[in-house]
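Geometric and topological summary
Here is what each chain is made of, one letter per residue.
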Amino acid sequence: MHKAVRRREDDGARHGKSARERTEVELLALEEKYCSHGDTVHYTNPPKIFEGCEGSFLFDAEGRPYLDLQMWYSAVNFGYRNPRLDAAARRQLDRLPQLASQYLHREKIELAALIAQDAEKKFGEKGRVHFNVGGAQAVEDSLKLVRNFKKGKSLMFAFEGGYHGRTLGASAITSSYRYRRRYGHFGERAQFVPFPYHFRGPKGMSKEEYGHHCVKQFERLFESEYNGVWDPKVGEAEYAAFYIEPIQGTGGYVIPPESFFAELKRVLDQHGILLIVDEIQMGFYRTGKLWSIEHFGVKPDAIVFGKAITNGLNPLAGVWAREELINPTIFPPGSTHSTFASNPMGTAVALEAMKMMRDTDYEAMVAEKGAYLLDGLKDLQRRHKIVGDVDGLGLALRMEICEPHDSFTPSKAIVDRMVDEALKGDLEVDGKRYGLVLDIGGYYKNVVTLAPSLHITRQEMDLGLKLLDCVLQRVGKA
Ligand SMILES: Cc1ncc(COP(=O)(O)O)c(C=O)c1O
């Protein structure tokens, strides 16, 4: 039995729980009745209950291990129950776990300084950091920064396939209408621009050519006043900023060509449009760099971050922005506020995580592990017709599942079956039974988006590839 499960039972006995613990069936019945189903999507029926976690694994009530290849959508980059980060949380719990944000604590200050100093070194720009709790709230804060700096201009560009969160402002710049359909408009939705998704782009163009083509199409908007966004008489665009994910996350881990953002940035600079980079899913070495935008050689005006900065412990998110946008004169005290914004538990863990990233060569480690896994995925692609495309940057990897007759027509149905099979917990490797935790993304919801722990071992990667092979064999046969 897994440690965490045993501990829970011991705790129950110690606290004199006379009644037996509720069974999974009973819990699921309560969930069905009392939990809002609006705050998540269960991909399997019945939804899975987990009881413990360690490193790259989750454990169910029987203690069965499930290798996690999605790590809470990349919020747990450094492995479940990372000892160094957990110890930082415990130290903070024993010292200063609670404090209203009108007062200061050292972790907040040191964390902001570390992020800003790193950005200054990398981008040659002075800046400041602003905290909030969730990714979407930090996106909202960045929208305020932009609209304030651009004197009330409220129109944004964003990408087709982009995802920036589910609050009203964040869903207005997220491409799926599905997230807005029921709620009306609270502000203008973004103008969505095609992202160079090469696997599904026009035939006969290389990846670089397709990226170039996408930028050219975008640039057309500024050709004359009649294209609708540009006043050539005063040299002013109607749009304030372009929101990007350098690698699309929810959109299916789509990796653009290397020159793409430099070309796009040239157009933005010519027309006075800010570049806001959403690193919520791809930041913190998911792709082998602190910020995934570093692969593309462009300077952002602001970076929004969240998720893995606390390794999924106390939530923390935030924005780094250039001094011009965020200095206290232009963005004065009280411009935004949230009670838990720079909470001591979150900032303490995040500070330790930033120090760990500084002390460890994640760049080399992630590049090496990513290359190994990508090779393994390519091998699976050769052996399974339903794998239409695989790609990866660092440990952000994709496996696009398609109909077997052409290895191209997207198949959500097959990928749904894969997730079900993976979670059954009965995949056998070397005589032992495992489950596999997978996440689905993509424009057609047919992409397995792989985000393993950055600390995943070679044995765990081999296990992961074998488990994927088992799952592909099962659904391929059906
Ligand atoms: C790129 C990106 N932006 C924003 C968000 C929203 O973050 P949160 O779910 O913490 O609000 C997410 C979450 O998945 C994301 O992947």
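Summary of the structure given here. Every value quoted in this text rests on a predicted model; they were computed, and no experiment measured them.

1. Observations regarding the overall build of the chain
- In terms of regular secondary structure, the chain is built from 14 helices and 18 strands.
- A globule of 478 residues ought to have a C-alpha radius of gyration of about 23 Å, and the chain, at 23 Å, matches this closely.
- The principal-axis extent of the C-alpha atoms belonging to the chain is close to 75 × 60 × 45 Å.
- Put simply, the chain has 478 residues, and 54% of those count as buried.

2. Focus on the sheet that holds strand S13 (residues 387-393)
- Spatially, the four strands line up as an open sheet ordered S13-S14-S18-S17, and their pairing is antiparallel. One side of each edge strand has no neighbouring strand; the edge strands of this open sheet are S13 and strand S17 (440-441).
- When strand S14 (residues 396-401) meets strand S18 (residues 447-450), the two strands line up antiparallel, connected through four bridges. In the strand pairing of S18, Glu 400 is matched with Val 447.
- Packing against the sheet, helix H12 (residues 362-383) makes contact with S13, S14 and S18, and its axis sits at approximately 175° to S13.

3. Re empty space enclosed by the protein
- By the definition in use, this model includes one cavity of 30 Å³ or more.
- The volume enclosed by the largest cavity comes to roughly 40 Å³.
- Lining of the largest cavity is provided by Leu 69, Leu 373, Leu 377, Leu 397, Leu 450, Pro 452, Leu 465 and Leu 468.
- Listing elements by their share of the lining of the largest cavity, those giving two or more residues are H12 and helix H14 (458-477).
- Broken down by class, the residue content of the lining of the largest cavity amounts to eight nonpolar, no polar and no charged.

Rules and cut-offs
- All chains use their own residue numbering, which begins from 1 and follows the written sequence.
- The model is predicted, so local features are restricted to residues of pLDDT at least 70 and side-chain atom pairs to those at 80 or more, both for listing and for counting; the totals for chains, interfaces and linings are taken over all residues.
- Where side-chain values are given, they derive from all heavy atoms of the structure, hydrogens and water being excluded.
- Put simply, DSSP H or I for four residues or longer makes a helix, DSSP E for two residues or longer makes a strand, and each gets a number counted from the N terminus.
- The globule rule used for comparison is 2.2 Å times the number of residues to the exponent 0.38, while the radius of gyration itself is calculated over C-alpha atoms.
- Only protein chains enter the area calculation, which uses a 1.4 Å probe; residues under 20% of their type maximum are buried, those over 50% are exposed, and those in between are partly exposed.
- Between any two strands, at least two bridges found by DSSP are needed for them to pair.
- Any two residues whose heavy atoms approach within 4.5 Å are treated as being in contact.
- Only the stretch in contact is used when a helix axis is fitted, and all axes are lines through C-alpha atoms; the angle between N-to-C directions ranges over 0 to 180 degrees.
- Grid points spaced at 1 Å and placed over the protein atoms alone form the basis of the search, with a cavity being a set where a 1.4 Å probe fits but cannot get out and a pocket an open set showing protein on both sides within 12 Å along at least five of seven lines. Lining residues have an atom within 4 Å of a point.
- Grid points are joined across faces, edges and corners, and a volume is the space filled by probe spheres set on the points.
- In the scheme used here, Gly and all other residues not listed as nonpolar or charged are polar, with Ala, Val, Leu, Ile, Met, Phe, Trp, Tyr, Cys and Pro taken as nonpolar and Asp, Glu, Lys and Arg as charged.

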